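# Commentary on secondary and tertiary structure
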Amino acid sequence: MEFPVKTGAPGRQKTACAVVPIFEGKALTGPAREIDVVSGGLLKKLIRSGDASAEVGRCLMVPQLGGSGPSRALLVGCGKAGEFSAKRYKQALTAAAQTLKRAGIAEATSYLPAAAPQALGPYYIARLAVETTSGVFYQFDELKSRAAAKPKLAKLAIGLTDKAAVSEARRGITHGKAIAAGMSLAKDLGNRPPNVCTPSHLAQHARALAKRYKNLRAEVLDERDMKRLKMGALLSVTQGAREPARLIVLHYQGTSPKQAPVALCGKGVTFDTGGISLKPPPKMDEMKFDMCGAAGVLGVMAALGELQPAINVVAVVPACENMPSGEATRPGDIVRTMSGQTVEILNTDAEGRLILCDAMTYALQHKPRYLIDVATLTGACVIAIGNVYTGLFSDHDELAEALLAAGSRSLDPAWRLPVDEEYGDSLKSNFADFANAGSREGGASIAANFLSRFVEGTPWAHLDIAGVAWKANADKGATGRVVPLLTDFLLSL
Ligand code: BES
Ligand code: MN
Ligand code: ZN
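None of these values were measured; they are calculated from a predicted model. Per chain, residue numbering runs from 1 following the sequence as it is written. Each chain is given a letter, starting from A, and each ligand a number, starting from 1, according to the order in which they appear as written. In keeping with the model being predicted, local features are shown solely for residues with a pLDDT of at least 70 and side-chain atom pairs are shown and tallied solely at 80 or more, while totals for entire chains, interfaces and linings include all residues. Side-chain descriptors were evaluated using all non-hydrogen atoms of the structure, hydrogens and water having been removed beforehand.

## Concerning the sheet that holds strand E4 (residues 73–77)
The condition that has to hold: Think of it this way: DSSP has to see at least two bridges between two strands before they count as a pair. Helical segments are the DSSP runs of H or I of at least four residues, strand segments are the runs of E of at least two, and each set is numbered from the N terminus. Only heavy atoms enter the contact rule, under which two residues are in contact if any of them lie within 4.5 Å. Orientation is described by lines fitted to C-alpha atoms, with helices fitted over the stretch in contact, and by angles between N-to-C directions that extend from 0 to 180 degrees.
Read across the open sheet, the 6 strands follow the order E1-E6-E5-E2-E4-E3; overall the sheet is mixed. Either end of the sheet is taken by a strand with one partner, and the two such strands are strand E1 (5–6) and strand E3 (59–62). Summarising the sheet, E3 and E4 pair through 4 bridges and their orientation is antiparallel. Bridge assignment links Leu 60 to a residue of E4, and that residue is Leu 75. Relative to strand E2 (residues 18–22), helix H1 (residues 30–38) is tilted by about 120°, and along the sheet it contacts E2 and E4.

## A short note on the environment of Ile 125
The criterion, for reference: Between buried and exposed lies partly exposed: a residue is buried under 20% and exposed over 50% of the maximum accessible area for its type, with that area taken using a 1.4 Å probe on protein chains only.
Checked against the element boundaries, Ile 125 lands in helix H5 (residues 121–137). Given the relative accessible area of 5%, Ile 125 is considered buried. Between the alpha carbons of Ile 125 and Ala 165 there is a distance of 10 Å; along the sequence they are 40 residues apart. The residues touching Ile 125, leaving out its near neighbours within four places in the chain, are Tyr 89, Pro 113, Ala 116, Pro 117 and Leu 120.

## Structural notes on the domain arrangement of the protein chain
Interface size is commonly expressed as the accessible area that is lost once the parts come together. Heads up, the condition is: Throughout the structure description, domain borders are defined by an automatic or database domain assignment. Accessible area that two parts lose when put together, with a 1.4 Å probe and added across both, is what the buried area reports. By salt bridge we mean one thing: a side-chain nitrogen of Lys or Arg within 4 Å of a carboxyl oxygen of Asp or Glu. For the purposes of these results, a polar contact is taken to be a pair of N or O atoms within 3.5 Å, where, inside protein, one atom must be able to donate a hydrogen and its partner to accept one; residues adjacent in sequence count only when each atom of the pair is a side-chain atom. Put simply, Ala, Val, Leu, Ile, Met, Phe, Trp, Tyr, Cys and Pro go in the nonpolar bin, Asp, Glu, Lys and Arg in the charged bin, and everything else, Gly too, in the polar bin.
Looking at the protein chain, the domain boundaries give domain 1 (5–159) and domain 2 (180–492). Between domain 1 and domain 2, the C-alpha centre-to-centre distance is 38 Å. Each partner contributes to the interface: domain 1 provides 14 residues, whereas domain 2 provides 13 residues. Of the roughly 1,200 Å² buried between domain 1 and domain 2, counting both surfaces, carbon and sulfur atoms make up 57%. Inspection of the region where domain 1 meets domain 2 yields 2 salt bridges. Where Glu 142 meets Arg 192, a salt bridge forms, and the shortest distance between an N and an O atom there is 2.6 Å. Where domain 1 packs against domain 2, one counts 7 residue pairs in polar contact (both at pLDDT 80 or more). The dominant element in the side of domain 1 that touches domain 2, judged by the number of residues it contributes, is H5, at 7 residues. Taken together, the residues of the side of domain 1 that touches domain 2 break down into 7 nonpolar, 2 polar and 5 charged.

## As for the sheet that holds strand E13 (residues 342–344)
Within the open sheet, the 3 strands sit side by side as E12-E13-E17. Their pairing is mixed. Because the sheet does not close on itself, it has two edges, and the strands there are strand E12 (334–336) and strand E17 (434–435). Where E13 and E17 come together, 2 bridges link them in parallel fashion. Of the residues in E17, the one forming a bridge with Val 343 is Phe 434.

## What to know about empty space enclosed by the protein
Inclusion rule: Within this scheme a cavity is a closed region of a 1 Å grid, computed over the protein atoms alone, that accommodates a 1.4 Å probe without allowing it to escape, whereas a pocket is open but has protein on both sides within 12 Å along at least five of seven lines; lining residues each have an atom within 4 Å of a point. Grid points are joined across faces, edges and corners, and a volume is the space filled by probe spheres set on the points.
All chains considered together, the criterion is met by 3 cavities of 30 Å³ or more. As for the largest cavity, its lining consists of 13 residues, and the residues nearest its centre are Ser 236, Val 237, Asn 322, Thr 329 and Thr 348. A breakdown of the residues in the lining of the largest cavity according to their chemical character gives 6 nonpolar, 6 polar and 1 charged. As a volume, the second largest cavity reaches approximately 50 Å³. What lines the second largest cavity is Val 19, Leu 93, Ala 96, Ala 97, Leu 100, Ser 110, Leu 112, Thr 133 and Leu 156. Sort the elements by how many residues they give to the lining of the second largest cavity and helix H3 (residues 86–103) lands first, with 4 residues. For the lining of the second largest cavity, a count of residues per class yields 7 nonpolar, 2 polar and no charged.

## A word on the site of ligand 1
In plain terms, the rule: By convention in these notes, a residue is near a molecule or strand provided one of its non-hydrogen atoms lies within 4 Å of it. Only the protein chains shown count as cover for residues, with accessible areas throughout obtained via the Shrake-Rupley method and a probe of 1.4 Å.
Around ligand 1, 16 residues are found, and the nearest of them are Lys 279, Asp 290, Asp 349, Glu 351 and Gly 379. In the model, an oxygen atom of ligand 1 is placed 2.8 Å from a nitrogen or oxygen of the Asp 349 side chain. One of the backbone nitrogen or oxygen atoms of Thr 376 is found 3.3 Å away from a nitrogen atom of ligand 1. Isolated, ligand 1 exposes 510 Å² of accessible area, and the fraction of that covered by the protein chains is 77%. For the shell around ligand 1, a count of residues per class yields 5 nonpolar, 4 polar and 7 charged.

## Here we look at the pattern of salt bridges
Taken as a whole and judged by the stated rule, the model has 20 salt bridges. Here Glu 55 makes a salt bridge to Arg 58, at a shortest N to O gap of 3.6 Å. Judged by its relative accessible area of 47%, Glu 55 is partly exposed. Under the relative-accessibility criterion, Arg 58 is labelled partly exposed at 37%. In this structure, Asp 225 engages Arg 228 in a salt bridge whose closest nitrogen and oxygen atoms are separated by 3.2 Å. Linking Asp 225 with Arg 228, this pair stays in helix H8 (residues 223–228), spanning 3 residues, or about one helical turn. Residue class for Asp 225 comes out buried when judged on its relative accessible area of 18%. Connected through salt bridges with shared partners, the residues Arg 127, Glu 131, Arg 409 and Asp 488 form a single ionic network.

## Re the pairing of strand E9 (residues 262–266)
Most of E9 is tucked away: 5 of the 5 residues are buried. What you see with E9 is no split at all: Val 262, Leu 264 and Gly 266 on one side and Ala 263 and Cys 265 on the other are buried throughout. Examined bridge by bridge, E9 and strand E11 (residues 312–322) share 4 bridges and lie parallel to one another. From the neighbouring strand, Val 262 faces E11, where its bridge partner is Val 313.

## A look at the coordination of the manganese ion (ligand 2)
So the rule is basically this: Note that water is not among the atoms considered, so a metal site may appear incomplete; the donors listed are N, O and S atoms within 2.8 Å of the metal, with 3.2 Å applied to Na, K and Ca. Geometry is assigned from the angles between donors: four donors with all angles from 85 to 135 degrees make a tetrahedral site, four or six donors whose opposite pairs exceed 155 degrees while the rest stay between 65 and 115 make square planar or octahedral sites respectively, and everything else is labelled irregular.
Protein coordination at the manganese ion (ligand 2): the donors are Asp 272 (OD), Asp 349 (O), Asp 349 (OD) and Glu 351 (OE), at 2.0 to 2.2 Å from the metal. Bound by 6 donor atoms, the manganese ion (ligand 2) shows angles of 70 to 167° at the metal and therefore irregular coordination geometry. In this structure, the manganese ion (ligand 2) lies 3.2 Å from the zinc ion (ligand 3), and both are coordinated by Asp 272. With a gap of 77 residues between them, Asp 272 in strand E10 (residues 268–272) and Asp 349 in the loop between E13 and helix H11 (352–364) connect regions that are remote in the sequence. Judged by relative accessible area, Asp 272 falls into the buried class, the value being 2%. The class of Asp 349 is partly exposed, set by a relative accessible area of 23%.

Below is the structure:
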């Protein structure tokens, strides 16, 4: 989709559809007033009659405006002007995009950006418009025998009334497109069934990215390499599976190789049955999304490839299945991690931390300035904070603050939860250095504590996306979340 910038008067714009924000209160303001004038007072009439409403997210398509400007107007309720927050702006963008999609409009100009909260600034105003609209138009139908009709909208102009905002808005559009493309890749990988999206499939995608972008380079390690590297924890998880595991390494080099990279590790369990500690059947299909950390990291790398910022990033993605079989790891087995520490596997369903710890030790060989892991790690995180916030765990306040800020700027928010060493008490083992699972209470922090034992003093943060990586029920599907937060963070360095 194209997103040009338009600064002309809304009433004179030649467009198939002007998207116009309506606020509560008697007087029309901004773009709505101008469109009202060229339509001979039609908008006022529609509001007075109650056909148009300023309730947040309510939309009304006005098909024949008359006059020589826009052919149609899409009135979008935005609530009280004084309460128009970033979140409401996103709600309005979503509602507008859904209506444009349903109406089959091919080209439109949105004046929601012209009315967006000024505190966001033109960069985020434009970026959010692009990300949100692209998100609404995302479709996954590659496995439907009859593909859904292709949505018509090919061009959404970003209407601005302030000419001084144009260059910042253009930067926001460029970044928004790259982030939207990264999210779309992450969603595709997440939505593909587990018999298609295997560890090798993820590896192929990493290779394809490296081919497409000049400063991306991919390395794919197989199980022989993992044995050579003594990745006993990662190997113990894949042990019961027929499907071969992969360790995917993607290097993004945007500046001198002397500069320390940021390391990103993404959990890539392409299907999590729980292993011998088998999960119960209800909703087990959703465990195909257990690779959304990996998908998010690959999405971020794609966005970096597009934007070419002057930083270095190394992505390390451990990818495997967690299956039960005669060869699978048993509860009670003890394995030696690449770090040399031994782990008693009390629950084979706590597999994410086992593949991540070896990936993190591997990532540390690149001497990163920050180590950030992303994982659908614990059901406990979902119980704690639901599906609104990503759980953020870190022993480094500065890094934690920077990630929280990137999340709130991007409307891809994270909430900090504790990782204090006391959470390690329940990982005590009589037989190994520690266990992979402890008590249920505080399970998300216990998992984070487990990972903290593998960071060797490197500033580290752990993002638990178990609650936000996908939606369940009627709109079941991957969200691409964490791509906006992480890309924003990396661009801010
Ligand atoms: N992939 C799951 C976590 C998960 C569960 C994410 C449900 C989203 C929804 C993870 O591998 C897991 O099974 N974790 C266990 C850990 C426990 C055994 C210590 C959990 O959360 O129950
Ligand atoms: Mn599990
Ligand atoms: Zn898992």
